[in-house]
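# A closer look at the structure
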Amino acid sequence: MCGVFGIVFAENRSDLGEYLVKASRKLVYRGYDSAGFATIKTDGSTQLKKGPGKLETVIEQFHIQKMSGSRGIVQLRWATFGEPTEANSQPHYDSDGDIIGAHNGNIVNTSSLIEAFKRDGYTVRSQNDGEMVVHAFEKYFNETKDPLLSMQKAQTMLKGDYAFIVGHQHDNHLLAVKKGSSLYVGIGKDFIACSSDLASLLQFTNKIVDIHDGEMIYYNHEHYQLYDLFSGAKIEREPYLSPIKVEEANLEGFAHYMKKEIHEQIIKTRELTELLNHDPHTLDETSKILSKANRIFIVASGTSYHASLIGSYYLNHIARLKTQVVIAGQFNEYYGHLVDNNDVVFCVSQSGETKDVVNVINPIRDQKLCPIISMVNIIGSSIAHKSDITLNIAAGVETSVPATKTFMNQILLFLYLSAYIAKQTGAPEAEEVFSIIGTIPELIAKTIEQDEEPCQALADTVISKAHDLYCLGYGLNYGSAMEGALKIKEVYYRHCEGMYSSEFKHGPLSIVEEGYPILFPASPSESGMVISHINEITVRKGFVVLISPYDEGYARNANSYIITPNCHHYLTPFANVVCMQLIAYFSSVLSGYDPDFPRNISKTLTVD
Ligand code: F6R
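Residues numbered from 1 in each chain as written. Predicted model: local features only at pLDDT ≥ 70, side-chain atom pairs only at ≥ 80, totals over all residues. Heavy atoms only, no water.

## Here we look at the sheet that holds strand β15 (residues 240-241)
Taken together, 8 strands build an open sheet; the order of strands is β3-β2-β4-β1-β10-β9-β11-β15 and the sheet is antiparallel. The open sheet terminates on both sides in strands that have one partner only, identified here as β3 (46-52) and β15. The sheet contact formed by strand β1 (residues 3-13) and strand β4 (residues 69-77) spans 7 bridges and is antiparallel. When the sheet's bridge partners are listed, V8 is paired in β4 with R71. Strands β1, β2 (34-40), β4 and β10 (191-195) of the sheet are contacted by helix α1 (residues 16-27), whose axis makes an angle of about 165° with β1. (Pairing = 2+ DSSP bridges. Helix = DSSP H or I, 4+ residues; strand = E, 2+ residues; numbered from the N terminus. Contact = heavy atoms within 4.5 Å. Axes fitted to C-alpha atoms, helices over the stretch in contact; angles between N-to-C directions.)

Structure (structure tokens):
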């Protein structure tokens, strides 16, 4: 989802464009559909180049690397307000063209602002909400000539959450604001920069200053000052050295990042297990809080929600904790008013920035209602910052938009945590679960080795001919089915619905006709019920593809069978989801799509 970056040097630099290009490449993984670059020289002259399409095309078309100046702003936009066109791309000029700014976020009162600014004689060139932030700033800057006061006043007009970077022609500073959306500050040897994304800064400097919600920062190349956005009061905060290393994205011989990241699950699950074996401190703290809780709400969206379904099963069965998984966007309406200090809210988000999850955290944190635990991949993220305890899934940078290795490490962490809590309470299963956790990397490796070809064949012969399908799951593998369905929808653009298998007979069964495809990831431990659900479909001539370790009953009853390696019941999602990921991947590629950048989708969803 949108990302914005703004950098200030002392003098004009011929390599400013290079910096902006490098920064923009690190924002790509968040998802975007247009890109824009603005530069300001010390004499006040400006350049603005922007347009829809792939970043590399925009870079090439406008010769971005050759742009020079002392200040630069780059923005990658994922369309919400206004179609992806040149006019709606960011950054934007103000009416006179002496102010340039761009945002990441969501200004929900954009349409009324457009009307108001037009009525008041401002030059409005787009439907984009980022332009409204620029005009709000312009309005007060024209009155006060004071950038800080202007921003303080401008924010009163803007409803929504955003991070915003703005600069005036005749000023050697940029001003950046954090209100609800992520923003980071990096101090380099000869520059200061702000960015929506930590990775885009860390490639230039690891000297970082925290900026909190409701703060703004006014900076030139060597000096910065933080301010409270609402009162204007100065805030003093020193930089620190971030220990986070940025991995270089590299295909390493794979055709796509999605495939590479599916394969990387072997190494990433091993690394996470080692990390957890050697650092029990956070698990100790987490298990103390969870064990005391009256109710545990696990809150997440998308793939993280599916991982949480599996995680909840582990916590319920192994740690014997009662947990309830809630879709993040639904939480406030259904449960927000019920939360009290005996509860725990456990947020799961690989990006650590998902707005639906942030919306759950904010009121709980503001009113100190209950402890907040989070599980993230980006340790410096907003959700991590706002949590009392953060668990790191340590999956490394995930470049492909569809989540794969982050899902796998989320379910691994849930399994490990469940065994950890079980061990502390003396539950008998703890040792057994610990002993199987070490086998997960090998299980994933074997699954890829033995099932990659059958998954490709299935994609070729069955899935690529289907325009509509279901993924059913029962018990532990409900989350596997939901995740498989999401992956297929996301990268193959076909309707594919995930469902609890016992629900299928309550209506959807009527869709089944001869050859109608249904994928069914399962565990042999649940074969009694699963076979019954398979038969409800096969007797109506539907085509059931079973994905599971070998089970005679499954072999007899399913139409097609992707046999995963033998494993403990608790490990079946690890192998089954690898197969679902591969099926989705091959279906996408065989149809000529790019699975790494599915249309309309963004990796970091910072809007409501
Ligand atoms: C799908 C996918 C999304 C995310 C969802 C939540 O492949 O990646 O469904 O899982 O947008 O994102 P996070 O985990 O960053 O909160």
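After that view, the rundown keeps rolling.
## Thoughts on the domain arrangement of the protein chain
Each assigned domain of the protein chain is listed here: domain 1 (3-249), domain 2 (255-438) and domain 3 (439-608). Using only C-alpha atoms to locate each centre, domain 1 and domain 3 end up separated by 43 Å. With 10 residues of domain 1 in contact, the opposing surface of domain 3 contributes 11 residues. Across the interface of domain 1 and domain 3, roughly 910 Å² is buried in total on both sides, 55% from carbon and sulfur atoms. Across the domain 1-domain 3 interface, the total number found is 0 salt bridges. In this assembly, domain 1 and domain 3 are joined by 1 residue pair in polar contact (both at pLDDT 80 or more). Among the residues making up the side of domain 1 that touches domain 3, the classes are represented as 3 nonpolar, 5 polar and 2 charged. (Domains from an automatic or database assignment. Buried area = accessible area lost by both parts, 1.4 Å probe. Salt bridge = Lys/Arg side-chain N within 4 Å of Asp/Glu carboxyl O. Polar contact = N/O pair within 3.5 Å; in protein donor to acceptor, adjacent residues only side chain to side chain. Nonpolar A, V, L, I, M, F, W, Y, C, P; charged D, E, K, R; others polar.)

## Side note on the site of the ligand
Close contacts around the ligand come from 15 residues, with S304, S349, S351, T354 and E490 the closest. Contacts to the ligand include Q350, whose backbone N or O atom sits 2.8 Å from an oxygen atom. Here an oxygen atom of the ligand and a backbone polar atom of A403 are 2.9 Å apart. A total of 400 Å² of accessible area belongs to the ligand in isolation, and the protein chains cover 93% of it. Broken down by secondary-structure element, the contributors of at least two residues to the shell around the ligand are α10 (302-317) and α17 (478-492). (Near = heavy atom within 4 Å. Areas by Shrake-Rupley, 256 points an atom, 1.4 Å probe, with all protein chains shown as cover.)

## A closer look at unusual backbone geometry
Residue P91 follows Q90 across a cis peptide bond; omega there is 0°. The backbone of K145 sits at a positive phi, close to 60°, despite the residue not being glycine. Take K145: it is sitting in the loop between α4 (129-144) and α5 (147-154). Since its relative accessible area comes to 55%, K145 is described here as exposed. A positive phi angle, close to 55°, is found at Y493, a residue other than glycine. In this structure, Y493 sits in the loop between α17 and β22 (495-500). (Buried < 20%, exposed > 50% of the residue type's maximum accessible area, 1.4 Å probe, protein only.)

## Regarding the packing of aromatic side chains
The final tally for this structure, using the stated rule, is 23 aromatic pairs. Within the aromatic cluster, the residues linked to one another by ring pairs are F5, F9, Y19, F191 and F204. Note that R13 overlies the ring of F9, its terminal NZ or CZ placed 4.3 Å from the centroid. Of note, R599 hangs over the ring of Y493, and the distance from its end group to the ring centre comes to 4.0 Å. (Phe/Tyr/Trp six-rings, centres within 6.5 Å; stacked < 30°, edge-to-face > 60°. Lys NZ or Arg CZ within 6 Å of the ring centre and 35° of its normal.)

## Notes on the state of the cysteines
The final tally for this structure, using the stated rule, is 0 disulfides. Of all cysteine sulfurs in the structure, the one in C347 sits closest to C370, which takes part in no disulfide; the separation is 9.0 Å. Just so you know, C496 is unpaired, no disulfide at all, and the nearest cysteine sulfur is the one on C471, 3.7 Å from it. With a relative accessible area of 0%, C496 lands in the buried category. (Disulfide = S-S within 2.5 Å.)

## Topic: the nonpolar core
Formed by 87 residues in total, the largest nonpolar core has its most connected members in Y314, F346, L415, L519 and F574. Take this core: its biggest share by element is 13 residues, from helix α14 (residues 405-424). Each of two domains, domain 2 (255-438) and domain 3 (439-608), supplies a minimum of three residues to this core. In contact with Y314, not counting residues within four places along its chain, are A319, I411, F414, L415, S418, L476, Y570, P573 and F574. (Core = buried A, V, L, I, M, F, W, Y, C linked by side-chain atoms within 4.5 Å.)

## Concerning helix α20 (residues 572-590)
When the terminal C-alpha atoms of α20 are compared, their 27 Å separation across 19 residues agrees well with the 27 Å that a helix rising 1.5 Å per residue should span. Within α20, 17 of the 19 residues are buried, which leaves it mostly tucked inside the rest of the structure. Where α20 ends, the next residue or the one after it, G592, has phi of about 85°, a positive value. (Expected span 1.5 Å × (residues − 1).)

## Comments concerning the pattern of salt bridges
This structure, assessed with the given rule, holds 19 salt bridges. Of the charged contacts in the structure, one is a salt bridge between K355 and D161, with a shortest N-O distance of 2.9 Å. Of this pair, K355 sits in helix α12 (residues 355-366) while D161 is found in strand β7 (residues 160-168), placing the two residues 194 residues apart along the sequence. Looking at D161, the relative accessible area reads 16%, which means it is buried. Across the salt bridge formed by E271 and K268, the nearest N and O atoms sit 3.1 Å from each other. Residue E271 and its partner K268 are both found in helix α8 (residues 265-278); the two are separated by 3 residues, about one turn of the helix. Residue K268 is classed as buried on the basis of its relative accessible area of 8%. Linked by salt bridges that have partners in common, R13, D15 and D190 make up one network.

## A closer look at the sheet that holds strand β19 (residues 372-376)
The strand order across the open sheet formed by 5 strands is β17-β16-β18-β19-β20, and the pairing between neighbours is parallel. Lying at the two open borders of the sheet, with one neighbouring strand each, are β17 (323-327) and β20 (389-392). Across the sheet, the axes of successive neighbouring strands diverge by a mean angle of 20°, strand direction being ignored. Here strand β18 (residues 343-349) runs beside β19; their pairing, made up of 5 bridges, is parallel. Opposite V348, over in β19, you have M375 as the bridge partner.

## Regarding the packing of α1 against helix α2 (residues 55-62)
At a minimum axis distance of 11 Å, the contact between α1 and α2 shows a crossing angle of 165°. By the angle between their directions, the pair α1 and α2 is classed as roughly antiparallel. Both α1 and α2 take part in a crossing whose hand is right-handed. Here V21, S24 and R25 of α1 lie close against α2, whose contacting residues are L55, E56 and I59. (Parallel < 35°, antiparallel > 145°, perpendicular 65-115°, else oblique. Left-handed = near helix turned anticlockwise from the far one by under 90°.)

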